[in-house]
Amino acid sequence: MRPYIFVPMALFATVGAVSLPVLSNLESQTFHHHGETESVKLHARGVTSSFPDGAAMPHSDAPMTQTPPELEKTYRQSERFRSKLQNAGTVTDVIKYLNEVQTTKHSAWAIEHLTPEFRKYLLETAGSELNPVIKAALEKSVAGLGYTLHVVFAPHDFFLEDEPHPPTVPQTHGGPQLHAVELVPEADPSNPDLAGGTTTSSSQKHLNLLPSSSIKKQNPPTSTLQSLTNMSSLEKRLTAALMSREDRLIRRRLSEPAADAGLIDFHTNDYLSLSQSQDLRTRFLTKLQNSPDVLGSGGSRLLVNGHAHSSLEARLARFFDSPTALLFNSGLDANVGFFSCIPQPGDVVVCDEYIHASVHDGIRASRVKDAQLSFEHNDLTSLGELLLRLVNDRRGLRSGENSVFVAVESLYSMDGTIAPLTQIVEMLETLFPKGNGYLVVDEAHATGIYGPQGKGLVSLLGLERRVLARLHTFGKALAGSGAVILTSELIRDYLLNYARSLIYTTALSYAQIISVDCSFDMLEDGTAKKLSSHLLKTSAHFVTTLRFQMETQHIPAPLLSLPPHLAKPPADDLVPALTPMFAHLATPIIPVMTCQPRPLSAYLRKLGMNARPITWPTVPKGRDRIRVCLHYGNSREEVERLATAMIEWAKECVRQETVTGVRETMLPIHPKL
């Protein structure tokens, strides 16, 4: 028999000796604008289904949109159902509410409110009591998961993943608890977890519910249940958050320093292989030996403006043909500093949906944090419609009193796509004739690779005087550290006075400045141009090789595929520099889409190749991948070996019939709302 449980907020159901989270994480919504109306771009995973209005889901990996009335209807239905689950008192109540769902098109989002653990539990203990629609949806969802129950200590998954502060969850028993539910189990000799039939006291909560034998069997987290009893409220909350990520296989960790020794590098940002360059090393050590200042920097830039720092800024302004240059300690510091202070009250910031996280961090700290909008990645139509709406709706933008800032990356770090910079500039100049439309370009991944002497795509296109600010970093292709913002004298002066990430931190050390100076020596003398040319040829060869093998070997697309901009070769008459989005320009970043990124990465690692998996929350759900980063030091033979290994892995998966249901898991499905 199923145990009778009390479920305050229905966050957890303690089943026998195991505490099961009941409600799954709510996924955040990203709002986009299309013409006169707003729509919501939704990413999700799970079973294949259809929208509540009955419209069939298309068979592609493109995110779906709904108009506001449809979205509102779906959202309210979903929230009403979730509210019922939150107020459920027993597992029987949960089954009752699930059985009220009678149609396939509603079953997907109904069960998406439940965690995988609880779905599996329902199938195993109450399958015969579920209506056929719900049972089928649960079976599809659970099939192939190979899920092992873990002890979960707090309902952190109840929080919106992107919320800066989780919502307040009511506390019980006079103090911060782990929000587990109480259990009054009935004795069941056939179930080891319920054999004792003992009642758990409220003072125990669920901290000591798992016996030592079960701990070994269930392979719980390293922090033992006994140690949890001695934790403070803060420690419990932090542990819960980490274990939530552990259960979803998205917990980040540092690798062992020696773990990658001997592996072929297909994952770092060392695009020009300068970190291994004997030439750069010799130049650096020579300059270091002759420099009057080597160690430290003495303090912040406003406290100590070292000669080396000032000289490098002057050099960078000349090199990039910019009025001024201002050094920052990192690209993150530069983005945060700029976007936290330059946009003024009444202004609007519009970002590509794939913009770097540091831009969002800066905007959240700014005075326009409630006026941030996004457009579909590299989509000029989406951007144009959004800007037109802003012009029509905001008098200050029409009059020139307020400004709009468009933030993009010239080369996107996760997708290897290139922004249509010229078209964006022309659009801003047309829609904002008073000069209050500004483009800000992050060139972090393009520095040293594109443009004359590696100056980047803005320079390649001759847009230096038509963009408000450019960000170049030194820690990727240039094998250094730090970043520079290229902009006007006025904005540089304003940043010096208001950019907290510049003012309140110690400046780059002299040794770091010398290192960057040496890297720019190699850009100016043409050495880096030769390296980048070889790199881009290697990249084109890898894409061509992999694409050909995937087509001839008939590899299932969900298992292994290239994104749309790489999926087909360019037309014979296509001139890459003139195409609106540089769709076919070779880049050092090649995302190989796969629904099994971790197994593929592990397979490659065993063969001596280090290509890392990229999953949610770094990329949207359903867009998992192996991000291949190529370098000057990678040979044609190495990239051919990488392509062949990926194909052999996919063929082995097909042979072992491990791709059952793979196509479904890669399709956009009924979203969590």
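All of these numbers come straight from a predicted model, not from anything done at the bench. (Residues numbered from 1 in each chain as written. Predicted model: local features only at pLDDT ≥ 70, side-chain atom pairs only at ≥ 80, totals over all residues. Heavy atoms only, no water.)

K.L.:
It is not clear to me how helix H22 (residues 597–606) should be interpreted in this structure. Could you clarify?
P.N.:
At 3.6 residues per turn, the α-helix brings residues three or four places apart onto the same side. Residues of H22 that are buried include every one of Pro597, Leu600, Ser601 and Leu604, and no others. An end-on view of H22 places all buried positions within 100 degrees of arc, on one side of the element. Just downstream of H22 lies Gly608, where phi reads positive at about 90 degrees. (Buried < 20%, exposed > 50% of the residue type's maximum accessible area, 1.4 Å probe, protein only. Helix = DSSP H or I, 4+ residues; strand = E, 2+ residues; numbered from the N terminus. Arc of directions from axis to C-beta.)

K.L.:
Mind showing me how you'd approach the pairing of strand S11 (residues 404–409) here?
P.N.:
Here is the key point about a regular strand: its side chains alternate between the two faces of the sheet. Along S11, six of the six residues are buried, which leaves the element largely enclosed by surrounding structure. The alternating pattern of S11 places Val404, Val406 and Val408 on one face and Phe405, Ala407 and Glu409 on the opposite face, and all of these are buried. Judged from the four bridges that link them, strand S9 (residues 348–352) and S11 form a sheet pairing that is parallel. Of the residues in S11, the one forming a bridge with Cys351 is Ala407. Summarising the sheet, S11 and strand S12 (residues 437–442) pair through six bridges and their orientation is parallel. By the bridge assignment for S12, Phe405 is matched with Tyr438. Between S11 and its parallel partner S12, the chain crosses via helix H15 (residues 421–431), and the hand of that crossover is right-handed. (Pairing = 2+ DSSP bridges. Right-handed = clockwise from strand over helix to strand, strands pointing away.)

K.L.:
Looking at this model, I keep getting lost on the environment of Val406. Mind explaining?
P.N.:
Inspection of the secondary structure puts Val406 in strand S11. Beyond its immediate stretch of four places on either side in the chain, Val406 contacts Val350, Phe375, Leu387, Ile424, Leu428, Tyr438, Leu439 and Val440. (Contact = heavy atoms within 4.5 Å.)

K.L.:
Any chance you could explain the packing of H22 against helix H23 (residues 636–655) here in plain terms?
P.N.:
Geometry of a packed helix pair, given as the angle between the helix axes and the separation of the axes. Two elements in contact, H22 and H23, have axes separated by 10 Å at closest approach and are oriented at 125 degrees. In terms of their interaxial angle, H22 and H23 are classed as oblique. Note on packing geometry: the crossing formed by H22 with H23 is right-handed. Contact residues: H22 offers Pro599, Leu600, Tyr603 and Leu604, while H23 offers Leu642, Ala645, Met646, Glu648 and Trp649. When the residues that make up the contact of H22 with H23 are grouped by side-chain class, the tally is eight nonpolar, no polar and one charged. (Axes fitted to C-alpha atoms, helices over the stretch in contact; angles between N-to-C directions. Parallel < 35°, antiparallel > 145°, perpendicular 65-115°, else oblique. Left-handed = near helix turned anticlockwise from the far one by under 90°. Nonpolar A, V, L, I, M, F, W, Y, C, P; charged D, E, K, R; others polar.)

K.L.:
How should I be thinking about helix H5 (residues 132–142) in this particular structure?
P.N.:
Among the residues making up H5, those that are buried are Val133, Ile134, Ala137, Leu138, Ser141 and Val142. End-on view of H5: buried residues confined to an arc of 155 degrees, all on one side of the axis. At the N-terminal boundary of H5, the capping side chain belongs to Asn131, with an oxygen 3.0 Å from the backbone nitrogen of Val133. (Polar contact = N/O pair within 3.5 Å; in protein donor to acceptor, adjacent residues only side chain to side chain.)

K.L.:
How should the side chain of Gln549 be read in this particular structure?
P.N.:
With respect to the helices and strands, the residue Gln549 is situated in helix H20 (residues 527–552). Given the relative accessible area of 17%, Gln549 is considered buried.

K.L.:
Looking at this structure, how should I read the pattern of salt bridges?
P.N.:
Pairs can form between side chains of opposite charge once their charged atoms are near each other. All chains considered together, the criterion is met by 20 salt bridges. Across the salt bridge formed by Arg283 and Asp525, the nearest N and O atoms sit 2.9 Å from each other. Here the residue Arg283 occupies a position in helix H9 (residues 278–290), and Asp525 occupies one in the loop between helix H19 (510–524) and H20, the gap between them amounting to 242 residues. In this structure Arg283 comes out as partly exposed when scored by relative accessible area, which is 23%. (Salt bridge = Lys/Arg side-chain N within 4 Å of Asp/Glu carboxyl O.)

K.L.:
Would you explain the sheet that holds strand S15 (residues 589–593) in this entry?
P.N.:
Two strands in a sheet stick together by hydrogen bonds in their backbones, pointing the same way (parallel) or opposite ways (antiparallel). Taken in spatial order, the three strands line up as S15-S18-S17 in an open sheet, and their pairing is antiparallel. Edge positions in the sheet fall to S15 and strand S17 (612–614), since each of these pairs with one other strand and no more. With strand direction ignored, the average angle separating the axes of adjacent strands in the sheet is 35 degrees. Where S15 meets strand S18 (residues 625–629), five bridges bridge the pair, whose relative direction is antiparallel.

K.L.:
Looking at this structure, I do not really get the confidence of the model for the protein chain. What am I missing?
P.N.:
Taken residue by residue, the protein chain gives an average pLDDT of 75. The fraction at 70 or more is 69%. Low pLDDT, under 50, characterises residues 1–20; the stretch is placed with 97 contacts to residues that sit more than four places away or in other chains. (pLDDT = per-residue confidence, 0-100.)

K.L.:
Would you take a moment to explain unusual backbone geometry for this structure?
P.N.:
For residues other than glycine, phi is negative in most cases, and the peptide bonds are mostly trans. Backbone torsion omega between Trp616 and Pro617 reads 10 degrees, so that peptide bond is classified as cis. Within the secondary structure layout, Pro617 lies in the loop between S17 and S18. Backbone geometry at Ser273 places phi at a positive 55 degrees, although glycine is not the residue there. Within the secondary structure, Ser273 is located in the loop between strand S7 (264–265) and H9. Under the relative-accessibility criterion, Ser273 is labelled buried at 15%. Phi is positive for Asn378, close to 55 degrees, though the residue is something other than glycine. Tracing the sequence through the fold places Asn378 in the loop between strand S10 (372–375) and helix H13 (380–393).

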